[in-house]
Amino acid sequence: MTRHSETQIVPYTADLMYAVVADVESYPKFVPGVKALHIAGRSEMRGTEVLSARMTAGFANFSESYTSRVVLDPVGRTVDVVQTEGPFRMLENHWRFTPQGLGCKVDFSIAFEFRNPVLNMVAASAFGRVMLKMQDAFLERAGELAKRK
């Protein structure tokens, strides 16, 4: 299983960073490797919004689709994602955004394991490069949105 967690201080507000990550429908526009995303369902639960999101992601000649339960908590500024159907034995990621001075602290963690051992090896070897590209994409998106305000 591949696991990764990191904490980073960024020059954007916690509300803005939360908004960028919570806008999952826009991922195909700015997150590398996200080819399509469809919200199959939405519901409200105790101040949170719960989405059923079908994502198609890939790189090079590899492409997979999966469905996740995404829990968005705007008050707590958290985003929690767990795969409910797809190629992973396990996939979950968690985002936490905490105000810090003029910016915020971003806590991110991800754990995943593909059912297919070959895909698991390929994904694990490319994981570092993919994470850097994703991290940059979210920060670039926050920068673009901050300029518009």
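An account of the accompanying structure is given in this report. Small disclaimer: the values here were computed from a predicted structure and weren't measured.

Notes on the packing of aromatic side chains
Within a pair of aromatic rings, the relevant descriptors are the distance that separates the centres and the angle that separates the planes.
Here is step 1: Applying the stated criterion across every chain, the model contains 11 aromatic pairs.
Here is step 2: Residues Tyr-27 and Phe-30 carry aromatic rings whose centres are separated by 5.8 Å and whose planes lie at 80 degrees to one another, so their mutual orientation is edge-to-face. With Tyr-27 and Phe-30 both in helix α2 (residues 27-30) and 3 residues apart, this pair spans about one turn of that helix.
Here is step 3: For Tyr-27, a relative accessible area of 9% gives the class buried.
Here is step 4: Phe-30 gets classed as buried once you look at its relative accessible area, which sits at 13%.
Here is step 5: Ring centres of Phe-30 and Phe-138 lie 5.5 Å apart, and the angle between their planes is 85 degrees; on these two criteria the pair is classed as edge-to-face. You can see Phe-30 sitting in helix α2 and its partner Phe-138 sitting in helix α3 (residues 117-148), a full 108 residues away along the chain.
Here is step 6: A residue is classified by how much of its surface remains accessible, and Phe-138, at 3% relative accessible area, is buried.
Here is step 7: Ring pairs connect the aromatic residues Tyr-18, Tyr-27, Phe-30, Trp-95, Phe-97, Phe-108 and Phe-138, which therefore count as one cluster.

Looking at the pairing of strand β5 (residues 78-85)
Here is step 1: Note that strand β4 (residues 62-73) and β5 share 7 bridges and pair antiparallel. Note that in β5 the partner of Thr-67 across the bridge is Glu-85.
Here is step 2: Hairpin remark: β4 followed by β5, antiparallel, with 4 residues in the connecting loop; positive phi at Arg-77, about 55 degrees.
Here is step 3: Where β5 lies against strand β6 (residues 88-100), 5 bridges are found, and the strand directions are antiparallel. Each bridged residue has a counterpart across the sheet, and for Val-79 the counterpart in β6 is Trp-95.
Here is step 4: Counting the residues between successive antiparallel strands, the hairpin from β5 to β6 contains 2 residues, one of them, Gly-86, with a positive phi of roughly 150 degrees.

Some remarks on a nonpolar patch on the surface
Here is step 1: A grouping of Phe-59, Val-118, Val-122 and Val-130 is seen on the molecular surface, where their side chains present a nonpolar patch of about 290 Å² in accessible area.
Here is step 2: Here the nonpolar patch gets 3 residues from one element, more than from any other, and that element is α3.
Here is step 3: Positionally, Val-130 belongs in helix α3.

Let's talk about the environment of Tyr-66
Here is step 1: Within the secondary structure, Tyr-66 sits in strand β4.
Here is step 2: The exposure class assigned to Tyr-66 is buried, which follows from its relative accessible area of 12%.
Here is step 3: Taking the C-alpha atoms as reference points, Tyr-66 and Val-24, separated by 42 residues in sequence, lie 14 Å from one another.
Here is step 4: With residues near it in sequence (within four places) discarded, Tyr-66 still touches Ala-53, Arg-54, Met-55, Gln-83, Glu-85, Gly-86, Pro-87, Phe-88 and Leu-91.

Digging into the side chain of Gln-83
Here is step 1: Within the element layout of this structure, Gln-83 appears in strand β5.
Here is step 2: Side-chain polar atoms of Gln-83 contact the backbone oxygen of Phe-88, separated by 2.9 Å.
Here is step 3: Setting aside residues up to four positions removed in sequence, Gln-83 forms contacts with Tyr-66, Thr-67, Ser-68, Phe-88, Leu-91 and Arg-115.

A closer look at unusual backbone geometry
Here is step 1: For Arg-46, which is not glycine, the phi dihedral falls at a positive 50 degrees.
Here is step 2: Positionally, Arg-46 belongs in the loop between β2 (34-45) and β3 (48-59).
Here is step 3: Arg-46 sits in the exposed class, given a relative accessible area of 80%.
Here is step 4: A positive phi angle, close to 55 degrees, is found at Arg-77, a residue other than glycine.
Here is step 5: On the secondary structure map, Arg-77 appears in the loop between β4 and β5.

What counts and what doesn't
- Residues numbered from 1 in each chain as written.
- Predicted model: local features only at pLDDT ≥ 70, side-chain atom pairs only at ≥ 80, totals over all residues.
- Heavy atoms only, no water.
- Phe/Tyr/Trp six-rings, centres within 6.5 Å; stacked < 30°, edge-to-face > 60°.
- Helix = DSSP H or I, 4+ residues; strand = E, 2+ residues; numbered from the N terminus.
- Buried < 20%, exposed > 50% of the residue type's maximum accessible area, 1.4 Å probe, protein only.
- Pairing = 2+ DSSP bridges.
- Patch = residues over 30% accessible without salt bridge, like charges linked within 9 Å, V, L, I, M, F, W, Y side chains within 5 Å.
- Areas by Shrake-Rupley, 256 points an atom, 1.4 Å probe, with all protein chains shown as cover.
- Salt bridge = Lys/Arg side-chain N within 4 Å of Asp/Glu carboxyl O.
- Contact = heavy atoms within 4.5 Å.
- Polar contact = N/O pair within 3.5 Å; in protein donor to acceptor, adjacent residues only side chain to side chain.

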